[in-house]
Amino acid sequence: MTGRSISYKHLSAWLFTLPGLFVQFFFGWFPILFAFFVGFQQYYLVKPPEFVGTANFREVFSDPLVLTALWNTFYYAFLAIGLTFIIPIFVSILLMEMAARTIRIMMLLWFIPVASTAGIAIWKYMYNPTLGLMNGIPTLFGMERWGIKWLDDPSLAMISLVLPGLILFGPGLIYIAALQNVPEELYEAADLEGASFFRKIRLVTLPRLRPIIAMMLLFSIIGSMQVFELPFIMTGGGPGYATTTVVMYVYNLAFGAYNLGKATALAIVLFFIIMTLIIIQRRFFKENLDD
Amino acid sequence: MRRVVLLICSLCILLSCTQCARRDDAFTRRSEEKTLTPLDYTQLRDREQVKYKDVILRIPASWGGVLLPVDPGAYPTILDKVVHSGDLGTIMGLYNQALFELQHPRVRVEYIHFDMWSDTFRSTLAVALSARRAPAYYIARDLPQTIEQGLYADLTDLMKKWDQFHLQPEGSIREGTVNGRIYTLAGNEMGATIIRYRKDWFREAGIFNEFGEPGPRSVWTWDDFRRIAAKLTDPKRGRYGFAGEMGDFLYNAPHGLDLYVPDPTGQRTWKFNDADPELRRSLQAVREMANKERSANTSVSMGWFEWHNEFDAGRAGMIVSFAPHIPREFLENPHKFGKDKPYGETVGMATLPLGPAGLSGLRPITNPIGFDPTMSPEQLEAAFEWCKSYFYGDMFVNRMRTEAQIARVLNRRSTVYAEVLALPYKPKENLLEEPLEKVFPKDYLETYRRIRESHAPPLPREFGLKEPPTNEYNRAIRAMYSEAITSNADLEAIISKTASIINTTLLNFRGKDDREQMRRYIAARTAFYQKHYPRYYEQVWRDKVQKFYQVP
């Protein structure tokens, strides 16, 4: 290959990549870089910004609501990962034991409610203490005293937010797709060795799912630490501040209080928290089977 | 072949770069030519006319403008579709556009799509302003923070020259004034927060007003409101006396409870008013209404839409609503509650209940509008003229005539009556075929009379005092009330927690000339109460000033 053809190949590769790189830069990297600029400014929507040093970060660290929001976010992440990440793994494994036709129907049913925003709005009404289905069904059976306040009970509000995720979040589909790729020979070999059902799950299924689980765990951590639409639509962060999450507080600071600098500073803090969690997850939960 | 592809790609990138760099400089172009009269203008040739129009007005379709359909559908052209489908509103919008341009030859009106009622309005507006593609005017929300953000042009000079300035509702002028400068113009629909109630429920409960009609008396107190809410409540029939968001259930304003007061230490401008015993009474009252008396239906998931649904579905006897909506619904949807329940005999409106010393929370307001601050002075003046014409001038008259004609053809009541009832300005012509008294029920007219006669107290911003961010502040207050309602926590603990949050995060500022500005502000409020609420001044305010309004 001549030097001319190499440079031509490089040039054309760069030219074809350039539009994508532009998009990635302006919509992907630039906002992150720009956030670091805004975090140190008193930033106005129209007027020019003013440099304020670390004042926004100091405000973030002295704000009692930031601690509340962080606690709520971790609590949500704990519940969400526990309920909507782990349970579907086992549901998928059990589902794989059923007939192919049942699997297909179940997959279809699982997939239908994934239209999340509409789903969230419906759940808001299902939780309504006087009209909602969640209290309506027990009342039909004469259990008027059931009367749980769901979203209006500070101790239940967060778990009420997580419950729709069991249906609306669809990792089960991904697990099923992954399970279908596990070689049948492995199970046959396990059968020959006399392995029990649970032993097969422990020694064959779960290790084979490991890369997918690692990836889904990563998405789950990022997603649940950035949860916004569920509390925003269903509770507005209440009762009190019981469901105010960090991203919701960032939104409120930016577009409620117009304190864009502090909002960005808090977003940067969240960015580093998520980065730390991801590094820990990558360090202790290897994707590679051989690791 | 590769080289051709490469060349095409390079050209595409180059072209897109040049397109990005091109600036629409029509906004900044200034005409050097002499000012033409409308007649002179009509005598110009097409090309000269186009060239002469150098003041561009971008009018939002969601308030003042119209947009042509994008698709002609089964018709040969879009204009055919508009004409043959009887879309007179759009035709009148285009007629008004042509009329305004003829009256102001330098102006070219562009109707644009700009949704100012959605949740994403703020961020969309910020982007549009940065890109110099914002509409000429838009709704002014979250005052005064958006004024501090520089979102609106200063209208003070234009206001001074305007003959109907004094007709704007007092509350709207106060809302949009910061340190003596005016940034907003009152919209064309005056209203107030009022109580919407079920007349049929009141009739059943035997509660009648001074006109002998079912409903609360036009002068009623918060205690009356609470008592009536309890009386209308019937758990067996799934009825609540009142439905609303988790808040003070209308308690604070009539009781004169200010939730932030001057900080006596001088470290900050304000402090949370946790010392006022009225706050404890307020929290206790809403807790009892929601949980003990069960006369108030409230939830964290309940917003404006939800509590109006509760009302329409016959599950709430009273809700908080916005005054202009009721007369409009009365005309547009007279059988909303069924053929046997005419709207006017089913839905009533009353002003907010008063406090024990006669203080009212009633504030005459409109949707205020702000103008794009990046416009040139000519554009700003033209936009202001447009609003005047649209609100009460030629365009208003044309719109109303069209609406009346459409109503006549369609054999329904014209909404012109609702527009005129809520109009704060003096229209150019009288458009009513019959007097308002013949159209609306007495309680609607009485409520509007009271709204027009009500007064709004001075606001700190008018004196240059910084206020906490409205949205976040309201959110913190709602959180306090929702905690009081949904938990059994000690009220003192809730108040102290709220004070800590609000003082640390929302009131952690102090201005340079606070002391002097604060004195002027308190003096203005004192004068306001002396003039409009003498009983409250004597019985409450004087004592309150001594206790909570000490300037450091």
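What you see is a predicted model, and the numbers here were worked out from it, not measured in a lab.

### What to know about the packing of helix H8 (residues 171-179) of chain A against helix H10 (residues 197-225) of chain A
All names here are of chain A.
Phase 1 of the analysis: Look at H8 against H10: their axes get within 10 Å of each other, and the N-to-C directions meet at 140°. If you check the angle between H8 and H10, you find them oblique. Between H8 and H10 the crossing geometry is right-handed. Listed contacts from H10 to Pro171, Ile174, Tyr175, Ala178 and Leu179 of H8 are Thr205, Leu209, Ile212, Ile213 and Met216.
Phase 2 of the analysis: Tallied by class, residues from the contact of H8 with H10 come to nine nonpolar, one polar and no charged.

### Section: the confidence of the model for chain A
Phase 1 of the analysis: Considering every residue of chain A, the mean pLDDT works out to 85; 90% of them sit at 70 or more.
Phase 2 of the analysis: Considering each helix and strand of chain A separately, the mean pLDDT is smallest for helix H5 (residues 116-126) of chain A, with a value of 75, and largest for helix H2 (residues 55-62) of chain A, with 94.

### Description of the domain arrangement of chain A
Phase 1 of the analysis: Taken domain by domain, chain A comprises domain 1 (1-30) and domain 2 (62-284).
Phase 2 of the analysis: Computed from C-alpha coordinates alone, the two centres of domain 1 of chain A and domain 2 of chain A are separated by 39 Å.

### Some thoughts on the pattern of salt bridges
Any two side chains of opposite charge can pair, given that their charged atoms come close.
Residues and elements named next belong to chain B.
Phase 1 of the analysis: Counted under the stated rule, the structure contains 50 salt bridges over all chains.
Phase 2 of the analysis: Between Asp224 and Arg227 there is a salt bridge, with its nearest N and O atoms 2.5 Å apart. Here the residue Asp224 and the residue Arg227 both occupy positions in helix H11 (residues 222-232), the gap between them amounting to three residues, near one helical turn.
Phase 3 of the analysis: For Arg227, a relative accessible area of 54% puts it in the exposed group.
Phase 4 of the analysis: Among the ionic contacts, a cluster of salt bridges with common partners joins Arg196, Asp312, Glu329 and Lys336.

### Here's the deal with unusual backbone geometry
Phase 1 of the analysis: In this structure, the amide linkage connecting Gly238 of chain A to the following residue, Pro239 of chain A, adopts the cis form with an omega of -5°.
Phase 2 of the analysis: Turning to its location among the elements, Pro239 of chain A is positioned in the loop between helix H11 (229-234) and helix H12 (246-255).
Phase 3 of the analysis: Following Leu143 of chain B, the chain continues to Pro144 of chain B via a peptide bond in cis, the omega torsion being 5°.
Phase 4 of the analysis: Along the chain, the position of Pro144 of chain B falls in the loop between strand S3 (137-139) and helix H7 (145-148).
Phase 5 of the analysis: Positive phi values are uncommon outside glycine, yet Arg132 of chain B reaches one of about 55°.
Phase 6 of the analysis: When you line up the elements, Arg132 of chain B lands in the loop between helix H6 (121-130) and S3.
Phase 7 of the analysis: Relative accessible area serves as the criterion here: at 42%, Arg132 of chain B is assigned to the partly exposed category.
Phase 8 of the analysis: Of note in the backbone geometry, Asp142 of chain B takes a positive phi value of approximately 55° without being a glycine.
Phase 9 of the analysis: Residue classification places Asp142 of chain B among the buried residues on the basis of a relative accessible area of 12%.

### Some details on helix H3 (residues 64-95) of chain A
Phase 1 of the analysis: In a regular helix each residue adds 1.5 Å, so 32 residues correspond to 46 Å; H3 of chain A covers 46 Å between its end C-alpha atoms and thus fits that length.
Phase 2 of the analysis: At Ile81 of chain A, H3 of chain A shows its maximal kink, close to 30°.

### Observations concerning the interface of chain B and chain A
Accessible area lost during the coming together of the parts is what is often quoted as the interface size.
Phase 1 of the analysis: Chain B puts 47 residues into the contact, and the matching count from chain A is 38 residues.
Phase 2 of the analysis: When chain B packs against chain A, the two sides together hide about 3,600 Å² of surface, and 61% of this comes from carbon and sulfur.
Phase 3 of the analysis: Seen at the junction of chain B and chain A, the total is one salt bridge.
Phase 4 of the analysis: Close ionic contact of Lys124 of chain A with Glu306 of chain B constitutes a salt bridge, the shortest N to O distance being 3.1 Å.
Phase 5 of the analysis: Where chain B touches chain A, the interface holds twelve residue pairs in polar contact (both at pLDDT 80 or more).
Phase 6 of the analysis: Residue assignment for the side of chain B that touches chain A shows that the elements contributing at least two residues are helix H1 (2-21), H6, H7, helix H13 (304-312), helix H21 (470-486) and helix H22 (491-506) of chain B.
Phase 7 of the analysis: It is H21 of chain B that provides the largest number of residues to the side of chain B that touches chain A, a total of eight residues.

Definitions and limits used
- Residues numbered from 1 in each chain as written.
- Chains lettered and ligands numbered in written order.
- Predicted model: local features only at pLDDT ≥ 70, side-chain atom pairs only at ≥ 80, totals over all residues.
- Heavy atoms only, no water.
- Axes fitted to C-alpha atoms, helices over the stretch in contact; angles between N-to-C directions.
- Helix = DSSP H or I, 4+ residues; strand = E, 2+ residues; numbered from the N terminus.
- Parallel < 35°, antiparallel > 145°, perpendicular 65-115°, else oblique.
- Left-handed = near helix turned anticlockwise from the far one by under 90°.
- Contact = heavy atoms within 4.5 Å.
- Nonpolar A, V, L, I, M, F, W, Y, C, P; charged D, E, K, R; others polar.
- pLDDT = per-residue confidence, 0-100.
- Domains from an automatic or database assignment.
- Salt bridge = Lys/Arg side-chain N within 4 Å of Asp/Glu carboxyl O.
- Buried < 20%, exposed > 50% of the residue type's maximum accessible area, 1.4 Å probe, protein only.
- Expected span 1.5 Å × (residues − 1).
- Bend = angle between axes of the 7 residues up to and from the residue.
- Buried area = accessible area lost by both parts, 1.4 Å probe.
- Polar contact = N/O pair within 3.5 Å; in protein donor to acceptor, adjacent residues only side chain to side chain.

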